[in-house]
Amino acid sequence: MRFLLFLTFLFLSTLSNQPVYGQRFPPADSTITTKHETVANGQRFSYTATTGTQPVWDDKGKVIATVHYTYYKRDGIQNIARRPLVISFNGGPGSASVWMEIAYTGPRLLNIDEEGYPVQPYGIKDNPHSILDIADIVYINPVNTGYSRILDEKADRNIFFGVNADIRYLAEWLNTFVTRNNRWTSPKYLIGESYGTTRVSGLALELQNAQWMYLNGVILVSPTDLGIKRDGALDKALRLPYFAATAWYHRKLSPELQGRPLDSLLPEVERFTLDELLPAIARGSSLQDDEKNRIVQLMAKYTSLSPAVISQNNLDIPTSLYWKELMRSDGYTIGRLDSRYLGIDFREGGERPDYNAELTSWLHSFTPAVNYYYSNELNYKTDVKYNMFGPVHPWDRSNDNTGIALRQAMAANPYLHLMVQSGYFDGATDYFNAKYNMWQMDPSGRLSSRMRFKGYESGHMMYLRKEDLIKATEDIREFIRISLPQEGKAAKYE
């Protein structure tokens, strides 16, 4: 039976990567403009939304694909040279830009409750926390996501589907967009979420070196590893602070730990991770029994797992096991991207959950909202399917040096600042690994004055929780204010 299930899974996985027959294709070059009014950050103003497609050309000037985007521009701005432009990407790879557009920074917000769970009726409402008060925003769907598509069936897929290919063609695309929309003189910011952080980290240097476009800021929301290696003991140890945060959220810790605020508990767990757990894992079988037992007891204290489970796994707890084990006695699993979410498996036994409880919840609310929004409010009428997740595999992940590329861009551009935003309950791109990225990108500390980290009591999409949406959007406003140089201040080291 297991073998049959495996064959079924393999067959369905193969089908998911096949062409979708009967699909429609968008025009290569189009725009639809609508006028709107909103209140954001306490300010009432009108804005223009332009949604449409812009071509991707090959090196011979032939249109081979089109990229769909939505551009929000506040009306009545007299000096566009002082008006920031935020360029927004989501991740995947293969994910559309829907998540941040209608749940985080954009002027409209999907209908969810204050913790981020779906409610009916599905719909869209004003986002009083949108950053459109301080910056214009363009949301971009890379090829095969959203309404973006390859138009030339003979086009080489390697142009689009890989770490460095993705960065190269999107940098070219952005050059055209900025030129068409007269934004060369504007301060420019990249924001990316999840795999989008890999994308924008590489874009920061590619735009600078190949397009001669210099940025003021990069915002990494729930960042990936950015090509920074962390194999072996390091990989195993860095997960622990996320485990502790999740156990704290589900009230599984001892009364002494549970009674502490999370921002008081986590520094203690981080110190233990770096100073004691990491060396212990590195010692392997040479670790003395009494020291190993001490480490096991502390890991049990911070994770709420049993000492037996920790010992049986040689101090190496896979995240998938933790998602299954933490709430096993209560009959639940916990979410991968956001461990606040609970799931129910076919059987309580096993080493990993049957499904991602958080992702199914998000698709439940986002998919109806984005389809309604484009058709009814932005007047984008099309038979093209909006790909929440599009076919982009196989994806070439080789030569990922995006973290070091971002550091190089910052070193070469004294105007360029970095902010990282992470949810403490994100088990896919956890917050402590995000901190590790920053430490390794800048081991000398010479750039630390232009780097900042912000953590939130939520998950991968921290902005789905209303309290963190308010905090996170204000953090973006503050980051933009700080990173805008005073008029006349030169970009130079002194």
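Residues numbered from 1 in each chain as written. Predicted model: local features only at pLDDT ≥ 70, side-chain atom pairs only at ≥ 80, totals over all residues. Heavy atoms only, no water.

A. Spatial organisation of the overall build of the protein chain. A count of helices and strands for the protein chain gives 15 helices and 14 strands. Computed over C-alpha atoms, the radius of gyration of the protein chain comes to 23 Å, within 12% of the 23 Å expected from 2.2 N^0.38 for 494 residues, which places it in the range of a compact globule. Taken over the C-alpha atoms alone, the protein chain extends approximately 70 × 65 × 45 Å along its principal axes. Counting the 494 residues in the protein chain, one finds 55% classified as buried. Taking the contacts inside the protein chain whose residues are at least 6 apart along the sequence as the reference set, 72% of them involve residues at least 24 apart. As displayed, the protein chain offers around 21700 Å² of accessible surface, 51% of which is attributable to carbon and sulfur atoms. Both charge centroids of the protein chain, one from 54 positive and one from 55 negative side chains, sit 3 Å from each other. (Helix = DSSP H or I, 4+ residues; strand = E, 2+ residues; numbered from the N terminus. Rg over C-alpha atoms; globule rule 2.2 N^0.38 Å. Buried < 20%, exposed > 50% of the residue type's maximum accessible area, 1.4 Å probe, protein only. Contact = heavy atoms within 4.5 Å. Areas by Shrake-Rupley, 256 points an atom, 1.4 Å probe, with all protein chains shown as cover. Lys, Arg positive; Asp, Glu negative; His and termini not counted. Charge placed at Lys NZ, Arg CZ, Asp CG, Glu CD.)

B. Layout of the nonpolar core. With 95 residues, the main nonpolar core has Ile140, Phe160, Leu203, Val218, Met299, Leu315 and Leu418 as its most contacted residues. Take this core: its biggest share by element is 9 residues, from helix α3 (residues 163-180). Beyond its immediate chain neighbours, meaning those up to four positions away, Met299 contacts Leu240, Phe272, Leu277, Ser304, Ile310, Leu315 and Ile317. (Core = buried A, V, L, I, M, F, W, Y, C linked by side-chain atoms within 4.5 Å.)

C. Broad picture of the pattern of salt bridges. Enumeration over the complete set of coordinates arrives at 31 salt bridges. Its salt-bridge partner being Asp29, residue Arg180 comes within 2.9 Å of it at the nearest N-O pair. Taken together, the residues Arg180 in helix α3 and Asp29 in the loop between α1 (2-16) and β1 (30-40) connect sequence positions 151 residues apart. Taking the shortest distance from any N to any O, the salt bridge between Glu325 and Arg328 comes out at 2.8 Å. You can call Glu325 partly exposed: its relative accessible area is 22%. Linked through salt bridges whose partners overlap, the residues forming this network are Glu115, Asp338, Arg340, Arg465, Glu467, Asp468 and Lys471. (Salt bridge = Lys/Arg side-chain N within 4 Å of Asp/Glu carboxyl O.)

D. Region of the structure containing the environment of Arg230. Among the secondary structure elements, Arg230 is positioned in the loop between β10 (217-221) and α5 (233-237). The spacing of Arg230 and Asn437 is 207 residues in sequence and 9.8 Å in space, taken between C-alpha atoms. Every residue in contact with Arg230, bar those within four places of it in the chain, is listed here: Asp225, Asp235, Leu238, Asn433, Tyr436 and Asn437. Of the polar contacts made by the side chain of Arg230, one reaches the backbone oxygen of Ile228; its length is 3.2 Å. (Polar contact = N/O pair within 3.5 Å; in protein donor to acceptor, adjacent residues only side chain to side chain.)

E. Region of the structure containing the packing of α3 against helix α4 (residues 195-210). Contact pair α3 / α4: the axes reach a minimum separation of 9 Å and the direction vectors enclose 60°. Overall, the two elements α3 and α4 adopt an arrangement that is oblique. In the packing of α3 onto α4, the handedness of the crossing is right-handed. Contact with α3, carried on its side by Val163, Asp166, Ile167, Arg168, Leu170, Ala171 and Leu174, involves Tyr195, Thr198, Arg199, Gly202, Leu203, Glu206 and Leu207 of α4 and no other residues of that element. Of the residues assigned to the contact of α3 with α4, the class counts are 8 nonpolar, 2 polar and 4 charged. (Axes fitted to C-alpha atoms, helices over the stretch in contact; angles between N-to-C directions. Parallel < 35°, antiparallel > 145°, perpendicular 65-115°, else oblique. Left-handed = near helix turned anticlockwise from the far one by under 90°. Nonpolar A, V, L, I, M, F, W, Y, C, P; charged D, E, K, R; others polar.)

F. Region of interest: the packing of aromatic side chains. Under the defined criterion, the tally for this structure stands at 31 aromatic pairs. Centroid distance Tyr71 to Phe177: 5.2 Å. Interplanar angle 80°. Geometry classified as edge-to-face. Residue Tyr71 is located in strand β3 (residues 63-74), and its partner Phe177 is located in helix α3; the two are separated by 106 residues in the primary sequence. A single burial state applies to Tyr71 and to Phe177, both of which are buried. (Phe/Tyr/Trp six-rings, centres within 6.5 Å; stacked < 30°, edge-to-face > 60°.)

G. Structural detail: α3. Along its 18 residues, α3 runs 26 Å from first to last C-alpha, staying within 8% of the 26 Å computed at 1.5 Å per residue. The complete set of buried residues in α3 reads Val163, Ala165, Asp166, Ile167, Tyr169, Leu170, Ala171, Trp173, Leu174, Asn175, Phe177 and Val178. At the exit of α3 stands Asn182, carrying a positive phi of roughly 55°. (Expected span 1.5 Å × (residues − 1).)

H. Spatial organisation of the pairing of β1. As judged from the 11 bridges shared by β1 and strand β2 (residues 43-57), these two strands associate in the antiparallel manner. For Thr38, the partnering residue across the bridge sits in β2 and is Phe45. Linking β1 back to β2 in an antiparallel pair, the connection comprises 2 residues, with Asn41 at a positive phi of about 55°. (Pairing = 2+ DSSP bridges.)

I. The arrangement of a nonpolar patch on the surface in detail. A surface patch of nonpolar side chains, about 340 Å² in accessible area, is lined by Phe25, Trp57, Val63 and Leu151. In this structure, Leu151 sits in the loop between β8 (149-150) and α3. (Patch = residues over 30% accessible without salt bridge, like charges linked within 9 Å, V, L, I, M, F, W, Y side chains within 5 Å.)

J. Structural detail: unusual backbone geometry. Of note, the amide linkage connecting Gly92 to Pro93 takes the cis form, showing an omega dihedral of -5°. Mapping Pro93 onto the fold places it in the loop between β4 (85-89) and α2 (98-101). Residue Gln120 is joined to Pro121 through a cis peptide bond whose omega torsion reads 5°. Residue position: Pro121 is located in the loop between β5 (108-110) and β6 (124-126). At Asn144, a position not held by glycine, the phi torsion is positive, near 75°. Take Asn144: it is sitting in the loop between β7 (136-141) and β8. Judged by its relative accessible area of 11%, Asn144 falls in the buried class.

K. Main features of the side chain of Asp338. By the secondary structure assignment, Asp338 is in the loop between β11 (333-334) and β12 (342-343). A distance of 3.3 Å separates a polar side-chain atom of Asp338 from the backbone nitrogen of Gly459. Not counting the four nearest positions on each side in its chain, Asp338 is found in contact with Glu358, Trp362, Phe425, Ser458, Gly459 and His460.

Geometry only, nothing functional implied.
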